Amino acid sequence: MAAAFAGMRNVTPVTFRAGCPDCRGRFELAASALRLAIGATSRTTFYSFVCPDCGSSVRKPAGERIVELLTGGGVRTLRLHSTL
Ligand SMILES: [Zn+2]
């Protein structure tokens, strides 16, 4: 899939281990499969992905270290503001 673009940039492909609470599947996700939403507080900061096994949308809280890890790995980051 993304292999065709490998080598275009000096970016080390990063995968993140994740688990699905619905089907209890465990898998590795590429950075492009993850989304990170940073809210005003750590309570509104989370990452989300779609389970490749059952298609369920999974959302998990992201602590500071996870945020660092994900942003450093090139995960798309969305900064939440009080627009709701
Ligand atoms: Zn699942």
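Above this text sits the structure in question.
Residues numbered from 1 in each chain as written. Predicted model: local features only at pLDDT ≥ 70, side-chain atom pairs only at ≥ 80, totals over all residues.

**Some details on the overall build of the chain**
1) Next: Within the chain, the secondary structure is distributed over one helix and six strands.
2) Next: Taken from the N to the C terminus, the helices and strands of the chain come in the order β-β-β-β-β-α-β.
3) Next: Across the 84 residues of the chain, 8% fall into the buried class.
4) Next: Of the contacts formed within the chain by residues at least 6 apart in sequence, a portion of 52% connects residues at least 24 apart. (Helix = DSSP H or I, 4+ residues; strand = E, 2+ residues; numbered from the N terminus. Buried ≥ 20, exposed ≤ 12 C-beta atoms within 10 Å, placed from the backbone. Contact = placed C-beta atoms within 7 Å.)

**Regarding the environment of Tyr47**
1) Next: When you line up the elements, Tyr47 lands in strand β4 (residues 46-50).
2) Next: On the basis of neighbour counts, which here come to 23 C-beta atoms within 10 Å, the residue Tyr47 falls in the buried class.
3) Next: Put simply, Tyr47 and Leu34 are 13 residues apart on the chain and 6.9 Å apart in space, counted from C-alpha to C-alpha.
4) Next: Apart from the residues within four sequence positions on either side, Tyr47 is in contact with Leu34, Arg35, Leu36, Lys60, Ala62, Ile66 and Leu70.

**Details of the nonpolar core**
1) Next: In this structure, Leu34, Leu36, Tyr47, Phe49, Ala62, Leu70 and Val75 together form the largest nonpolar core, which totals seven residues.
2) Next: Those residues in contact with Phe49 that lie beyond four places of it in its chain are Ala18, Leu29, Ala33, Leu34 and Val58. (Core = buried A, V, L, I, M, F, W, Y, C linked by C-beta atoms within 7 Å.)

**Re the sheet that holds strand β6 (residues 76-79)**
1) Next: Pairing is mixed across the open sheet formed by four strands, whose spatial order is β5-β4-β3-β6. Unpaired on one side and paired on the other, β5 (57-61) and β6 mark the two borders of the sheet. When strand polarity is set aside, the average angle formed by the axes of neighbouring strands in this sheet is 25°.
2) Next: Sheet analysis places strand β3 (residues 35-38) next to β4, joined by three bridges and oriented antiparallel. By the bridge assignment for β4, Leu36 is matched with Tyr47.
3) Next: Lying over the sheet, helix α1 (residues 64-72) contacts β3, β4 and β6, oriented at roughly 130° with respect to β3. (Pairing = 2+ DSSP bridges. Axes fitted to C-alpha atoms, helices over the stretch in contact; angles between N-to-C directions.)

**Brief notes about unusual backbone geometry**
1) Next: With a phi angle near 60°, Arg24 is a residue other than glycine that sits in the positive phi range.
2) Next: Its location among the elements puts Arg24 in the loop between β1 (15-19) and β2 (26-30).

**Side note on the pairing of β4**
1) Next: In β4, alternate side chains face the same way, and those of Tyr47 and Phe49 are buried while those of Phe46, Ser48 and Val50 on the opposite face are not.
2) Next: Linking β4 to β5, which pair antiparallel, is a turn of six residues; within it Gly55 sits at a positive phi near 80°.

**Quick notes on the environment of Ile38**
1) Next: Secondary-structure assignment places Ile38 in strand β3.
2) Next: Judged by the 18 C-beta atoms lying within 10 Å of it, Ile38 falls in the partly exposed class.
3) Next: A sequence separation of 41 residues divides Ile38 from Arg79, and the C-alpha atoms of the two residues are 4.8 Å apart.

Everything listed here is a matter of coordinates, which is why it stays silent on function.
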